[in-house]
Amino acid sequence: IMSKDIKEFLTMMGEAEKKTLDDMLKEMVEKPQADKVESRNEKIDGNFATVEYLTETGSWKTMDFEKVGSEWLLTFPKGAKDDMKSTSKP
């Protein structure tokens with residue numbers, strides 16, 4: 001359900017903390033979630049999509065998705081992905 005970029009990012013973050021990708025994913029799913037699942041404003045533009053979701057604090061945040069093959073995978077927002085590519089170059 002996660003793009004290659006997100007898994008690589010979580011792996012890199014985990015290495016700094018001496019944690020595996022599995023450890024990082026487990027920590028993510030243990031964080032508090034909203035009492036009810038709510039989403040709104042789904043937008044699809046070619047192979048990219050966004051949807052807003054209700055957080056545990058009652059605010060709305062956006063999740064970004066990228067279509068890879070026939071699957072929609074969670075990914076970084078386009079601007080964040082571009083920033084990561086430019087800062088990772090020597």
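Residues numbered from 1 in each chain as written. Predicted model: local features only at pLDDT ≥ 70, side-chain atom pairs only at ≥ 80, totals over all residues. Heavy atoms only, no water.

Q: Help me understand the overall build of the protein, please; the structure alone is not making it clear to me.
A: Looking only at helices and strands, the protein features 3 helices and 4 strands. Secondary structure elements in the protein, listed N-terminal to C-terminal, are α-α-β-β-β-β-α. Summarising the internal contacts of the protein: among those between residues at least 6 apart in sequence, 21% fall at separations of at least 24. With an accessible surface of roughly 7100 Å², the protein has 54% of that area assigned to carbon and sulfur atoms. (Helix = DSSP H or I, 4+ residues; strand = E, 2+ residues; numbered from the N terminus. Contact = heavy atoms within 4.5 Å. Areas by Shrake-Rupley, 256 points an atom, 1.4 Å probe, with all protein chains shown as cover.)

Q: Is there a simple way to explain the sheet that holds strand 3 (residues 60-68) in this structure?
A: In spatial order, the strands read 1-2-3-4; together these 4 strands make up an open sheet with antiparallel pairing. Every other strand in the sheet has two partners, leaving strand 1 (39-45) and strand 4 (71-75) as the edge strands with one partner each. The average angle at which neighbouring strand axes cross in this sheet is 30°, direction not considered. Bridge count between strand 1 and strand 2 (residues 48-54): 5 bridges; the pairing is antiparallel. By the bridge assignment for strand 2, Asp45 is matched with Phe48. (Pairing = 2+ DSSP bridges. Axes fitted to C-alpha atoms, helices over the stretch in contact; angles between N-to-C directions.)

Q: Teacher, can you tell me more about the packing of aromatic side chains here?
A: Given two aromatic rings, one states the distance between the centres and the angle between the planes to describe the pair. Scanning the model with the defined rule gives 1 aromatic pair in all. When the ring of Phe9 is compared with that of Phe76, the centres are 5.3 Å apart and the planes differ by 90°; the resulting orientation is edge-to-face. Here Phe9 is found in helix 1 (residues 4-16), whereas its partner Phe76 is found in the loop between strand 4 and helix 3 (78-88), with 67 residues between them in sequence. Judged by its relative accessible area of 26%, Phe9 is partly exposed. Classification of Phe76 as buried rests on a relative accessible area of 15%. (Phe/Tyr/Trp six-rings, centres within 6.5 Å; stacked < 30°, edge-to-face > 60°. Buried < 20%, exposed > 50% of the residue type's maximum accessible area, 1.4 Å probe, protein only.)

Q: What am I meant to see in the pattern of salt bridges here?
A: Side chains that carry opposite charge are capable of pairing whenever their charged atoms lie near each other. For the structure shown, the criterion picks out 5 salt bridges. For Lys19, the salt bridge identified is with Glu27, shortest N-O distance 2.5 Å. On the basis of relative accessible area, Lys19 is assigned to the partly exposed category, the value being 26%. Residues joined in a network through salt bridges with shared partners are Glu17, Lys19 and Glu27. (Salt bridge = Lys/Arg side-chain N within 4 Å of Asp/Glu carboxyl O.)

Q: What is the right way to look at the packing of helix 1 against helix 2 (residues 21-30) in this model?
A: Describing two packed helices takes the angle between their axes plus the distance from one axis to the other. Interaxial distance between helix 1 and helix 2 falls to 8 Å at its minimum, and their mutual angle equals 100°. The orientation of helix 1 with respect to helix 2, classified from their angle, is roughly perpendicular. On the side of helix 1, the interface is formed by Lys7, Leu10, Thr11, Met13 and Gly14, while helix 2 contributes Leu21, Met24, Leu25 and Met28. Broken down by class, the residue content of the contact of helix 1 with helix 2 amounts to 6 nonpolar, 2 polar and 1 charged. (Parallel < 35°, antiparallel > 145°, perpendicular 65-115°, else oblique. Nonpolar A, V, L, I, M, F, W, Y, C, P; charged D, E, K, R; others polar.)

Q: How do you make sense of the side chain of Asp64 when you look at a structure like this?
A: Tracing the backbone shows Asp64 in strand 3. Its relative accessible area of 15% is what places Asp64 among the buried residues. Contacts of Asp64, omitting those with residues within four sequence positions, involve Ala49, Thr50, Leu73, Leu74, Thr75, Phe76, Pro77 and Lys78.

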